Amino acid sequence: MPFSPIPRGVYPSVTHISPSELAAKGIRLVLADLDNTLVPYHVTEPSPEVAAWAAELAEQGIQLFLLSNSRKPGRAQKFAEQLGIPYQGHSGKPKKGGYLRAMERMGCRPEETVMVGDQIFTDTLGANNAGVIPLLVEPIRLAGNPGRYLRYAAETPFRMLGRRRPFL
(Lines give C-alpha, C1' and ligand atoms only; values in the text may rest on other atoms or scores of the structure.)
Protein backbone atom coordinates (compact mmCIF):
# COMPACT_ATOMS: atom_id res chain seq x y z
CA MET A 1 0.00 0.00 0.00
CA PRO A 2 2.50 2.66 -1.14
CA PHE A 3 2.05 6.23 0.09
CA SER A 4 -0.75 5.26 2.45
CA PRO A 5 -0.89 6.91 5.88
CA ILE A 6 -3.09 4.13 7.29
CA PRO A 7 -1.49 1.71 9.79
CA ARG A 8 -2.34 -1.97 10.25
CA GLY A 9 -3.68 -1.56 13.74
CA VAL A 10 -3.18 0.87 16.58
CA TYR A 11 -1.91 -0.51 19.88
CA PRO A 12 -1.63 1.09 23.35
CA SER A 13 2.13 0.42 23.51
CA VAL A 14 4.81 -1.85 22.05
CA THR A 15 4.27 -4.33 24.87
CA HIS A 16 0.72 -4.87 23.57
CA ILE A 17 2.15 -6.24 20.32
CA SER A 18 2.45 -9.98 20.83
CA PRO A 19 5.75 -11.53 19.71
CA SER A 20 4.12 -14.96 19.39
CA GLU A 21 1.38 -13.56 17.14
CA LEU A 22 4.01 -11.78 15.02
CA ALA A 23 5.95 -15.04 14.66
CA ALA A 24 2.75 -16.88 13.70
CA LYS A 25 2.31 -14.37 10.86
CA GLY A 26 5.83 -15.03 9.57
CA ILE A 27 7.42 -11.85 10.92
CA ARG A 28 11.20 -12.09 11.38
CA LEU A 29 12.11 -8.42 11.84
CA VAL A 30 10.60 -5.62 13.93
CA LEU A 31 11.83 -2.16 13.03
CA ALA A 32 11.06 0.14 15.96
CA ASP A 33 11.12 3.89 16.34
CA LEU A 34 12.80 5.18 19.50
CA ASP A 35 11.31 8.43 20.81
CA ASN A 36 7.75 8.20 22.09
CA THR A 37 7.51 4.61 20.83
CA LEU A 38 9.97 2.63 22.97
CA VAL A 39 10.64 5.36 25.53
CA PRO A 40 9.63 9.00 26.11
CA TYR A 41 11.78 11.72 24.58
CA HIS A 42 15.05 12.26 26.48
CA VAL A 43 14.89 8.89 28.30
CA THR A 44 18.17 7.08 27.71
CA GLU A 45 17.49 3.60 29.07
CA PRO A 46 14.91 0.96 28.14
CA SER A 47 12.28 0.23 30.74
CA PRO A 48 12.12 -3.29 32.19
CA GLU A 49 8.90 -3.83 30.19
CA VAL A 50 10.55 -2.89 26.90
CA ALA A 51 13.59 -5.05 27.71
CA ALA A 52 11.27 -8.00 28.47
CA TRP A 53 9.39 -7.42 25.20
CA ALA A 54 12.67 -7.38 23.27
CA ALA A 55 13.71 -10.65 24.96
CA GLU A 56 10.35 -12.21 24.09
CA LEU A 57 10.81 -11.18 20.44
CA ALA A 58 14.22 -12.88 20.43
CA GLU A 59 12.72 -16.04 21.96
CA GLN A 60 10.27 -16.12 19.03
CA GLY A 61 13.13 -15.79 16.53
CA ILE A 62 12.31 -12.16 15.72
CA GLN A 63 15.07 -9.57 15.51
CA LEU A 64 14.39 -6.13 16.96
CA PHE A 65 16.07 -3.28 15.07
CA LEU A 66 16.08 0.35 16.18
CA LEU A 67 15.18 2.59 13.22
CA SER A 68 15.39 6.18 14.40
CA ASN A 69 15.41 9.64 12.88
CA SER A 70 17.21 10.97 15.96
CA ARG A 71 20.03 13.35 15.15
CA LYS A 72 21.31 13.51 18.70
CA PRO A 73 24.86 12.14 18.62
CA GLY A 74 24.99 8.63 20.04
CA ARG A 75 21.36 8.51 21.23
CA ALA A 76 20.18 5.62 19.05
CA GLN A 77 23.48 3.79 19.40
CA LYS A 78 23.57 3.94 23.21
CA PHE A 79 19.95 2.88 23.54
CA ALA A 80 20.37 -0.02 21.09
CA GLU A 81 23.53 -1.21 22.83
CA GLN A 82 21.66 -1.46 26.12
CA LEU A 83 19.17 -3.82 24.48
CA GLY A 84 21.85 -5.63 22.48
CA ILE A 85 20.15 -4.86 19.17
CA PRO A 86 21.28 -3.33 15.87
CA TYR A 87 20.33 0.24 15.06
CA GLN A 88 20.27 2.88 12.39
CA GLY A 89 20.12 6.58 13.26
CA HIS A 90 19.42 9.43 10.82
CA SER A 91 17.13 7.02 8.94
CA GLY A 92 15.34 9.69 6.92
CA LYS A 93 11.82 8.41 7.58
CA PRO A 94 9.43 8.58 5.77
CA LYS A 95 11.77 8.00 2.83
CA LYS A 96 11.94 4.29 2.09
CA GLY A 97 15.73 4.12 1.85
CA GLY A 98 16.25 3.74 5.60
CA TYR A 99 13.76 0.87 5.76
CA LEU A 100 15.36 -0.88 2.79
CA ARG A 101 18.89 -0.54 4.24
CA ALA A 102 17.73 -1.97 7.58
CA MET A 103 16.05 -4.96 5.92
CA GLU A 104 19.09 -5.59 3.74
CA ARG A 105 21.37 -5.53 6.79
CA MET A 106 19.14 -8.05 8.54
CA GLY A 107 18.49 -10.27 5.52
CA CYS A 108 14.72 -9.83 5.61
CA ARG A 109 12.08 -9.01 3.02
CA PRO A 110 9.28 -6.45 3.47
CA GLU A 111 6.61 -9.14 3.96
CA GLU A 112 8.65 -10.49 6.93
CA THR A 113 8.99 -7.06 8.51
CA VAL A 114 6.85 -4.75 10.63
CA MET A 115 7.55 -1.16 11.60
CA VAL A 116 6.39 -0.06 15.04
CA GLY A 117 6.15 3.68 15.55
CA ASP A 118 4.07 6.45 17.06
CA GLN A 119 3.77 8.81 14.07
CA ILE A 120 1.65 8.48 10.95
CA PHE A 121 3.60 10.89 8.75
CA THR A 122 7.02 9.33 9.38
CA ASP A 123 6.74 5.76 10.64
CA THR A 124 3.52 4.57 8.97
CA LEU A 125 3.86 6.46 5.70
CA GLY A 126 7.47 5.33 5.28
CA ALA A 127 6.70 1.71 6.17
CA ASN A 128 3.86 1.53 3.66
CA ASN A 129 6.09 3.14 1.02
CA ALA A 130 8.76 0.47 1.64
CA GLY A 131 6.23 -2.39 1.58
CA VAL A 132 6.65 -3.00 5.32
CA ILE A 133 3.65 -3.64 7.58
CA PRO A 134 3.09 -0.52 9.73
CA LEU A 135 1.94 -0.98 13.32
CA LEU A 136 1.14 2.20 15.21
CA VAL A 137 1.37 2.70 18.97
CA GLU A 138 -0.08 5.52 21.00
CA PRO A 139 2.58 8.10 21.81
CA ILE A 140 4.02 7.65 25.28
CA ARG A 141 3.96 11.34 26.21
CA LEU A 142 2.85 14.51 24.46
CA ALA A 143 3.68 17.01 27.20
CA GLY A 144 6.14 19.78 26.54
CA ASN A 145 5.79 20.37 22.81
CA PRO A 146 2.72 22.10 21.36
CA GLY A 147 3.74 21.01 17.86
CA ARG A 148 3.27 17.38 18.83
CA TYR A 149 -0.34 18.05 19.83
CA LEU A 150 -1.02 19.54 16.41
CA ARG A 151 0.72 16.71 14.58
CA TYR A 152 -1.12 14.01 16.52
CA ALA A 153 -4.42 15.85 16.01
CA ALA A 154 -3.83 15.82 12.24
CA GLU A 155 -3.16 12.07 12.47
CA THR A 156 -6.42 11.26 14.27
CA PRO A 157 -8.48 10.22 11.21
CA PHE A 158 -5.74 7.83 10.07
CA ARG A 159 -5.43 6.35 13.57
CA MET A 160 -9.18 5.72 13.56
CA LEU A 161 -8.95 3.92 10.21
CA GLY A 162 -6.00 1.89 11.49
CA ARG A 163 -7.99 0.69 14.49
CA ARG A 164 -10.45 -0.87 12.05
CA ARG A 165 -7.83 -3.02 10.33
CA PRO A 166 -5.61 -4.67 12.94
CA PHE A 167 -2.74 -6.90 11.84
CA LEU A 168 -2.80 -8.97 15.04
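Residues numbered from 1 in each chain as written. Predicted model: local features only at pLDDT ≥ 70, side-chain atom pairs only at ≥ 80, totals over all residues. Heavy atoms only, no water.

A.B. asks: Break down the pattern of salt bridges for me, with residues and values.
C.D. replies: Summed over all chains, the structure comprises nine salt bridges. Here Asp33 ties to Lys93 by a salt bridge, and the two come within 2.9 Å at their closest N and O atoms. One end of the pair, Asp33, is in the loop between strand S2 (29–32) and helix H2 (48–59); the other, Lys93, is in the loop between strand S4 (87–88) and helix H4 (97–106), with 60 residues separating them in the sequence. The two residues Asp33 and Lys93 agree in class, both being buried. A salt bridge links Glu155 to Arg159, with the nearest nitrogen and oxygen atoms 3.0 Å apart. In this pair, Glu155 and Arg159 are both assigned in helix H6 (residues 146–163), four residues apart and thus about one turn of the helix distant. Note on Arg159: relative accessible area 5%, which makes it buried. The network of salt bridges with shared partners includes Arg28, Arg109, Glu111 and Glu112. (Salt bridge = Lys/Arg side-chain N within 4 Å of Asp/Glu carboxyl O. Helix = DSSP H or I, 4+ residues; strand = E, 2+ residues; numbered from the N terminus. Buried < 20%, exposed > 50% of the residue type's maximum accessible area, 1.4 Å probe, protein only.)

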